[in-house]
Number of protein chains: 2
Amino acid sequence: MVNGYTGNILRVDLTEEKVSTENPDDIFYRRYIGGEGFVAYYLLKELKAGIDPLSPENKLIFATGPLTGFAIPGTGRNSVGAKSPLTGGFGEAEVGGHWGAELKHAGFDAIIVEGKAKNPVYIWINDGEAELRDASHLWGKVTGEAQEIIQKELDDKLIRVAQIGPGGEQMVRYACVINDLRNAAGRTGMGAVMGSKNLKAIAVRGHKKLEVIDKEKLRAKIKEFNEVAYKPMKGYFEYGTGGGIMEQFATSGNLPTRNFRDGNFLGANALDPGIMKQEISLKMEACYACSIRCKKIVEIGEPWNVDPIYGGPEYESIAAFGSNCDVDDIKAVCKANELCNKYSIDTISTGVSIGFAMECYENGILSDKDTNGIKLNFGNAEAMVKMVEMICKREGLGDILAEGVKRAAEEIKNGADKFAMHVKGQEIPMHEPRLKQGLGVGYTISPTGAEHMANLHDTSITSERSIAVHSAIGILEPLELDDIGAKKVRALVYYSNWRNLFNALLICYFLPWDYIDIPEIVRAVTGWYSSTWELMKVGERITTMARVFNIREGLTKKDDWLPERFFQPHTSGALAETSIKPEELKNAITTYYKMMGWNDEGIPTKSKLEELELDWTFQYL
Amino acid sequence: MVNGYTGNILRVDLTEEKVSTENPDDIFYRRYIGGEGFVAYYLLKELKAGIDPLSPENKLIFATGPLTGFAIPGTGRNSVGAKSPLTGGFGEAEVGGHWGAELKHAGFDAIIVEGKAKNPVYIWINDGEAELRDASHLWGKVTGEAQEIIQKELDDKLIRVAQIGPGGEQMVRYACVINDLRNAAGRTGMGAVMGSKNLKAIAVRGHKKLEVIDKEKLRAKIKEFNEVAYKPMKGYFEYGTGGGIMEQFATSGNLPTRNFRDGNFLGANALDPGIMKQEISLKMEACYACSIRCKKIVEIGEPWNVDPIYGGPEYESIAAFGSNCDVDDIKAVCKANELCNKYSIDTISTGVSIGFAMECYENGILSDKDTNGIKLNFGNAEAMVKMVEMICKREGLGDILAEGVKRAAEEIKNGADKFAMHVKGQEIPMHEPRLKQGLGVGYTISPTGAEHMANLHDTSITSERSIAVHSAIGILEPLELDDIGAKKVRALVYYSNWRNLFNALLICYFLPWDYIDIPEIVRAVTGWYSSTWELMKVGERITTMARVFNIREGLTKKDDWLPERFFQPHTSGALAETSIKPEELKNAITTYYKMMGWNDEGIPTKSKLEELELDWTFQYL
């Protein structure tokens, strides 16, 4: 048995109301692994070019990885993918929680959802069996209500639910898929695709015991990890993402402020999860099998009334609704976050859309009439929360913002486009590309548009200490933040490919599993005789497949670019004299293409596709 | 300490009679590692383009690797490099024995020899000290005599000597460097460069204890290795290379027969080291610290009188003097081998040169007058041995053949060139490219000309069992021998880069250290936090540097080609209907270029050089 490991993939045809199981061979599993690898494979193989992402012809793929469902910290994740209604290109997002592990225990590695149900339905997967169930009574319900009804009617409190709220039903273009009420497959609008299919939820329950090839080795690795992981992860353990770093982010210029315009946000400390703990009830919980409980649970009374079942805000959400909207009221931020989870819309795109609207408002491009009288100034916490609600419900200006800043700017006109902070239609996440300039290059070339996940965070390769880890892949020297020369691009290539591998295996980026650990764990679980080389190449394969998908959908080199704002410095603060040089960015992008084995236009060469065993995709170029 | 590991490099200027020590920084060590990596670095950095390889401007580099000198089986090797007088391009060869380990224990990782001594000298390196000593009394002496004199005059029987015999002194273009009398840095004419410098030998003695970062881990790896290595290595342990496989090689067509013309060598069994053991005294010995004693020692009386101090023939030598010359007399083969070690000339190039002359003779291109009356027919064992001697001493036809088949054919004319079996001037080694067709592609693109070492042996990726190992680098399925499509080229790219890494670390290919073991050993010894990815990229770096060197020296795409003979099948036997298709070969070569990140002309692109941190070499293209 060279490749060995295989499993079951569930296919659900909503139009025909059919479910079936497929068993790809062991080489398929080893070559594409799972998660984003499966997503990229099925989207390329099965979608027709040029389809409307919100039509029945789109497919929505839920995929776990070979490590999902084992007691390995950081692996309680799954991936959701489809053609993105936000970018028109490759759509994919990952999410933590417990749903992925439950799916695996129910006997499936992935689900391919196709077609469109006549009436709202949900999928019920129970220990190897799958069925479609009516969801008419759930349609219009917020996530908390829907989950409660499902668990009740199937009579099992331990059923895990991945679902959409009314934001997904109404196809907010950046609607997300919500697991366990508080974990979001946030980006690229996967919830809108789910809504377009009249699919409300996927409820899962499973009891299957998963097999490990080398139990002893796996146990030893996890023990080793748990003994050393707490120390560097203490901040996450106590306060989750953002804990203790808000002020530093503001000072360094990393914290997006007033729609990425300014560098002088004074309220950062008030938004810090460390402070949060003193002011509001904050508890922590963990994803499946994770020893780092980094997920916040907040409870707030009047006037905000934030229900703890919806968790609490991650760093991205805090910054998007906080500094990016000039809001320093953490309770308002928590409310905005709760609404997003209730209605299933992405906090980053929502916050950036509101920041965009605020800047339009302050510049007279949007009037009080446009906002239904809401004073949409930067810093107006109530207005911010109100706008979240309006987006969730597609009310008034909310209906325009629900299309994302790119389309909203086209609709609003009058120069609004210069305030639309996006790449390929996806809103910029909460890391400043003028500070982390390699990340800025990554924003331009990421297949899903501006994305901070499978991207290089320059701050992680600027110290000798951090280099000690990354030297494993040949990054031997610390690099400067504002360098986007060949050395930085090389780091971006390696790093982003490796992170796409993480999205196939479905491992959390936060945990310090490194280039040596991962192949060891993969060997122990799957029996594949795998190395850092093989796995890095899987990551490269996925990056490349996503690129081929985008090219097939008509995206070109022109779509690989940053908003003009990033070519000017901040109005104040640490980055008051620092910006990205367009000429340098252009060179960096070309260098990225070349290092990836793509041509000057960013199109993968035939030989690169052959090297990655993707010759079957050449027909799409 | 991210990169940490460093050491001493000895520089010897023969013209100025100066020795000095250099200490490159730790990043240099980690980026180029040692052996062939150091050779490629110094040749590119320090040689002027276009120099005569036999002029004082050439430099001769001896280099060990970070594993050399430790008790790790398979690491008792060193590399020797210079601009090759045989190919006019990148010259490099590796050699086993004890000399490399001794050099390391004497406190040096490498020696750069430059200039030319006025009179013959040798270098004496003793525990951190180095001096030049007169070698006038050694000049003209065969290796056995020279070593004895050196050990006597320095009064230490344990001194290790790397040296040339009269073949090197007379600059036979494929003269080699001989370690311990019986181990040859055989290929690319490094012995001729040594001769051109009036450098007879490098004598070494050292007592330094080498430090390991993680002793326990290293000990565990070696224990694990010694417990499992014997089984697959039993043939090597009993009979060395060629043991038990000659007949099978003849039957499959792999055994070069009558200058690569035929496929029906009936005497294979008589040449088998298994048979050898019954007919002649055969003992086995090991390189430094190796548990697999694969080196033959033969002793033969009248009429051949083979002295056991010169060891015995490897598979390459048996085939080159045996089947390739149609000789089935193993004693004659042993004599030819002994002469080569005495005079320090490469057995492969010598055997192929004689096979070439035999075919010329049988076709009337060489006459009895040309051969001084020797009946140089295929199968004439005595004539074969006599020709070895004449090449060693540059007598008569031997003087012409001492230039290698490419130059000899130019001298002889009359269509001799169609019998000249070489790539880039280096004679083809003893593996049939019509059988192992991926290896055939490898012959064309190898920077040193036809070379079987840092090359893909297709037979190692044709079974499920072998794939289990190579799956570690993503070769997941067995491939066909006669396939040279993209899948095979991909395997060639990965495999040959990995083997160039072995030539930097200086590990023996025969031992079953694999893609997972090697990074573990490197981590234990050096403290580098290294992975299969980093090390594979070092291999790629070295392949690329050697290519850049060749381009600077004027070699082009046109030099990447096989002799016409390989486009026709064998006259008989298993390959009577199999040959390489020129069109397929052309495609395979272009695919190789592209997969390596080179352009259509085989020139590395700027971005590839940047990715490999070789931007400093771009000036040479």
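Residues numbered from 1 in each chain as written. Chains lettered and ligands numbered in written order. Predicted model: local features only at pLDDT ≥ 70, side-chain atom pairs only at ≥ 80, totals over all residues. Heavy atoms only, no water.

Visitor: So, the overall build of chain A: which residues are in play, and what are the values?
Guide: Regarding its fold elements, chain A presents 23 helices and 16 strands. Seen through its C-alpha atoms, chain A measures out along the principal axes to roughly 65 × 55 × 50 Å. The buried share of chain A, reckoned over its 621 residues, is 68%. Sequence separation of at least 24 residues holds for 68% of the intrachain contacts in chain A that already meet a minimum separation of 6. Both charge centroids of chain A, one from 72 positive and one from 86 negative side chains, sit 1 Å from each other. (Helix = DSSP H or I, 4+ residues; strand = E, 2+ residues; numbered from the N terminus. Buried < 20%, exposed > 50% of the residue type's maximum accessible area, 1.4 Å probe, protein only. Contact = heavy atoms within 4.5 Å. Lys, Arg positive; Asp, Glu negative; His and termini not counted. Charge placed at Lys NZ, Arg CZ, Asp CG, Glu CD.)

Visitor: Residues and numbers for the side chain of D272 of chain A, please.
Guide: Residues and elements named next belong to chain A. Examined against the element boundaries, D272 turns out to sit in the loop between α9 (246-252) and α10 (273-279). Comment: no salt bridge for buried D272; closest opposite-charge side chain is K296, at 8.7 Å. Among the polar contacts listed, one links the side chain of D272 to the backbone nitrogen of G244, at a separation of 2.7 Å. (Salt bridge = Lys/Arg side-chain N within 4 Å of Asp/Glu carboxyl O. Polar contact = N/O pair within 3.5 Å; in protein donor to acceptor, adjacent residues only side chain to side chain.)

Visitor: How would you sum up the pairing of strand β1 (residues 9-13) of chain B? Please name residues and give values.
Guide: Residues and elements named next belong to chain B. In terms of burial, β1 is a largely internal element, five of the five residues being buried. Judged by which residues are buried, β1 turns out to be covered on both faces: I9, R11 and D13 on one side and L10 and V12 on the other are all buried. Joining the antiparallel neighbours β1 and strand β2 (residues 18-22) is a turn of four residues, in which E17 adopts a positive phi near 55°. By the bridge criterion, five bridges tie β1 to strand β6 (residues 110-114) in an arrangement that is parallel. Bridge assignment links I9 to a residue of β6, and that residue is A110. (Pairing = 2+ DSSP bridges.)

Visitor: Let's hear about the relation of the copies chain B and chain A: which residues, and what values?
Guide: For the match of chain B to chain A, the screw axis carries a shift of 0.0 Å, the RMSD comes to 0.0 Å, and the turn is 180°. Considering both components of the superposition, the chain copies are consistent with a two-fold axis. Distance from the rotation axis, computed per C-alpha, reaches its smallest value in chain B at W533 of chain B: 2.2 Å. (Least-squares fit on C-alpha atoms with pLDDT ≥ 70 in both.)

Visitor: Tell me what's going on with the sheet that holds strand β7 (residues 121-126) of chain A, and back it up with residues and numbers.
Guide: Sheets are built from strands that pair by backbone hydrogen bonding, the pairs being arranged parallel or antiparallel. All names here are of chain A. Pairing is mixed across the open sheet formed by six strands, whose spatial order is β8-β7-β12-β9-β10-β11. Looking at strand neighbours, the two that pair on one side only are β8 (129-134) and β11 (183-185), the edges of this open sheet. Mean inter-strand twist for the sheet, computed between neighbouring axes without regard to direction, equals 20°. Sheet topology note: the strand β9 (residues 160-163)/strand β12 (residues 199-205) ladder contains four bridges and is antiparallel. Each bridged residue has a counterpart across the sheet, and for R160 the counterpart in β12 is V204. Packed on one face of the sheet, helix α4 (residues 143-153) meets β7, β8, β9, β10 (177-179) and β12 and runs near 140° to β9. (Axes fitted to C-alpha atoms, helices over the stretch in contact; angles between N-to-C directions.)

Visitor: Describe the interface of chain B and chain A, and please don't skip the residues or the numbers.
Guide: Tallying the contact residues gives 39 residues for chain B and 39 residues for chain A. Both faces combined, the contact of chain B with chain A buries some 3600 Å², and carbon together with sulfur accounts for 59% of it. It is L476, Y529 and W533 of chain B that lose the most area in chain B upon contact with chain A, and together they represent 23% of the buried surface on that side. At the boundary of chain B with chain A, the tally comes to six salt bridges. For the salt bridge of K487 of chain B with E613 of chain A, the shortest nitrogen-to-oxygen distance reads 3.5 Å. Put simply, chain B and chain A have 20 residue pairs in polar contact (both at pLDDT 80 or more) between them. Sort the elements by how many residues they give to the side of chain B that touches chain A and helix α20 (residues 532-552) of chain B lands first, with six residues. Residues that form the side of chain B that touches chain A fall into these classes: 15 nonpolar, eight polar and 16 charged. (Buried area = accessible area lost by both parts, 1.4 Å probe. Nonpolar A, V, L, I, M, F, W, Y, C, P; charged D, E, K, R; others polar.)

Visitor: Please set out the pattern of salt bridges residue by residue, giving values where relevant.
Guide: Counted according to the given criterion, the structure contains 102 salt bridges over all chains. Among the ionic pairs, E432 of chain A bridges to R434 of chain A, the shortest N-O distance being 2.8 Å. Summarising the burial analysis for this pair, E432 of chain A and R434 of chain A share the class buried. Linked by salt bridges that have partners in common, R31, R541 and E613 of chain A together with E477, K487 and R490 of chain B make up one network.

Visitor: Could you give an account of the sheet that holds β6 of chain B, with specific residues and numbers?
Guide: Residues and elements named next belong to chain B. Within the open sheet, the six strands sit side by side as β2-β1-β6-β3-β4-β5. Their pairing is mixed. Single-partner strands in this sheet number two, and they are β2 and β5 (90-95). Averaged over all adjacent pairs, the angle separating strand axes in this sheet is 15°, with direction ignored. In this sheet, β6 lies alongside strand β3 (residues 59-63) in antiparallel orientation, the contact comprising five bridges. Within β6, the position partnered with A63 by the bridge is A110.

Visitor: Could you give an account of the nonpolar core, naming the residues involved and the relevant values?
Guide: Nonpolar side chains in soluble globular proteins generally cluster together in the buried interior. Counting 350 residues, the largest nonpolar core has F356, M384 and I518 of chain A together with F356, M384 and I518 of chain B as the members making the most contacts within it. Apart from residues no more than four positions distant in its own chain, M384 of chain B is found in contact with F321, C325, V327, A332, V333, A336, I354 and M358 of chain B. (Core = buried A, V, L, I, M, F, W, Y, C linked by side-chain atoms within 4.5 Å.)

Visitor: Can you break down the packing of aromatic side chains residue by residue, with the values?
Guide: Aromatic ring pairs: the centre-centre distance and the angle between the two ring planes describe each pair. In this structure the tally under the stated criterion is 53 aromatic pairs over all chains. Ring plane angle 45° and centroid distance 5.0 Å describe the contact between W498 of chain A and Y515 of chain A, whose orientation is recorded as tilted. Taken together, the positions of W498 of chain A in helix α19 (residues 486-505) and Y515 of chain A in the loop between α19 and α20 (517-526) put the pair 17 residues apart, joining distant regions of the chain. The exposure classification of W498 of chain A matches that of Y515 of chain A, with both residues buried. Members of the aromatic cluster, connected to one another through ring pairs, are Y5, F28, Y29, Y32, F38, Y41, Y42, W528, W616 and Y620 of chain A. Lying across the ring of W616 of chain A, K45 of chain A places its NZ or CZ 4.4 Å from the centre. One cation-aromatic arrangement involves R293 of chain B over F237 of chain B; the distance from NZ or CZ to the ring centre is 4.2 Å. (Phe/Tyr/Trp six-rings, centres within 6.5 Å; stacked < 30°, edge-to-face > 60°. Lys NZ or Arg CZ within 6 Å of the ring centre and 35° of its normal.)

Visitor: Explain the domain arrangement of chain A residue by residue, including any values.
Guide: Accessible area lost on assembly of the parts is the figure often given for the size of an interface. Residue and element names in this part refer to chain A. Here the domain parsing of chain A yields domain 1 (9-205), domain 2 (234-427) and domain 3 (437-620). On a C-alpha basis, the centroid separation for the pair domain 1 and domain 2 is 26 Å. Across the boundary between the two partners, domain 1 contributes 38 residues, which contact 36 residues of domain 2. Carbon and sulfur atoms supply 51% of the area that domain 1 and domain 2 bury against each other, a total of about 2900 Å² over both sides. If you sort the residues of domain 1 by the area they bury against domain 2, Y174, R182 and R187 come out on top, with a joint share of 28%. Run the count over domain 1 and domain 2 and you get three salt bridges. Salt-bridge contacts for D346 lead to R187; the nearest nitrogen and oxygen are separated by 3.1 Å. For the pair domain 1 and domain 2, the interface holds 25 residue pairs in polar contact (both at pLDDT 80 or more). (Domains from an automatic or database assignment.)

Visitor: Tell me about the pairing of strand β1 (residues 9-13) of chain A, and name the residues and values.
Guide: Judged from the five bridges that link them, β1 of chain A and strand β2 (residues 18-22) of chain A form a sheet pairing that is antiparallel. Bridge pairing in β2 of chain A places R11 of chain A opposite S20 of chain A.

Visitor: Could you give an account of helix α22 (residues 582-595) of chain A, with specific residues and numbers?
Guide: Over its 14 residues, α22 of chain A runs 20 Å from end to end, which matches the ideal 20 Å to within 8%, given 1.5 Å per residue. Those residues of α22 of chain A that fall on the buried side of the exposure criterion are L585, A588, I589, T591, Y592, Y593 and M595 of chain A. In the core, the buried residues of α22 of chain A are packed alongside α17 (437-445), α19 and α21 (532-552) of chain A together with α22 (606-611) of chain B. (Expected span 1.5 Å × (residues − 1).)

Visitor: How would you summarise a negative patch on the surface if you had to cite specific residues and measurements?
Guide: Residue and element names in this part refer to chain A. On the surface, a cluster of negative charge is made up of E480, D482, E583 and E584. Tracing the backbone through its elements, the reader meets E480 in the loop between α18 (464-470) and α19. On the accessibility criterion, E480 (55% relative accessible area) is exposed. (Patch = residues over 30% accessible without salt bridge, like charges linked within 9 Å, V, L, I, M, F, W, Y side chains within 5 Å. Areas by Shrake-Rupley, 256 points an atom, 1.4 Å probe, with all protein chains shown as cover.)

Visitor: I'd love a proper account of helix α11 (residues 330-343) of chain B, names of residues and values included.
Guide: Residue and element names in this part refer to chain B. For α11, spanning 14 residues, the distance from its first C-alpha to its last is 20 Å, which sits close to the expected 20 Å at 1.5 Å a residue. Most of α11 is tucked away, with twelve of its 14 residues classed as buried. Every buried residue of α11 is accounted for by I330, A332, V333, C334, K335, A336, N337, E338, L339, C340, N341 and Y343. The opening residue of α11, the one whose side-chain oxygen lies 2.9 Å from the backbone nitrogen of K331, is D329. With its phi angle positive at about 60°, S344 sits one or two positions after the end of α11.

Visitor: Tell me about the environment of D156 of chain B, and name the residues and values.
Guide: All names here are of chain B. Relative to the elements of secondary structure, D156 occurs in the loop between α4 (143-153) and β9 (160-163). Judged by its relative accessible area of 23%, D156 is partly exposed. For the pair formed by D156 and I111, sequence separation is 45 residues and the distance between their alpha carbons is 22 Å. Filtering out sequence-adjacent residues up to four positions away, D156 remains in contact with Q151 and R205. Of note is the side chain of D156, whose polar atom sits 2.9 Å from the backbone nitrogen of L158.

Visitor: Residue-level account of the packing of helix α16 (residues 437-445) of chain B against helix α21 (residues 582-595) of chain B, with values.
Guide: In helix packing, the relevant descriptors are the interaxial angle and the interaxial distance, both defined with respect to the helix axes. Residues and elements named next belong to chain B. Between α16 and α21, whose axes approach to 10 Å, the crossing angle comes to 65°. The two elements α16 and α21 meet at a crossing, and its hand is right-handed. Where α16 abuts α21, its residues V441, T444 and I445 lie against L585, A588, I589, Y592 and Y593. Taken together, the residues of the contact of α16 with α21 sort by class into seven nonpolar, one polar and no charged. (Left-handed = near helix turned anticlockwise from the far one by under 90°.)

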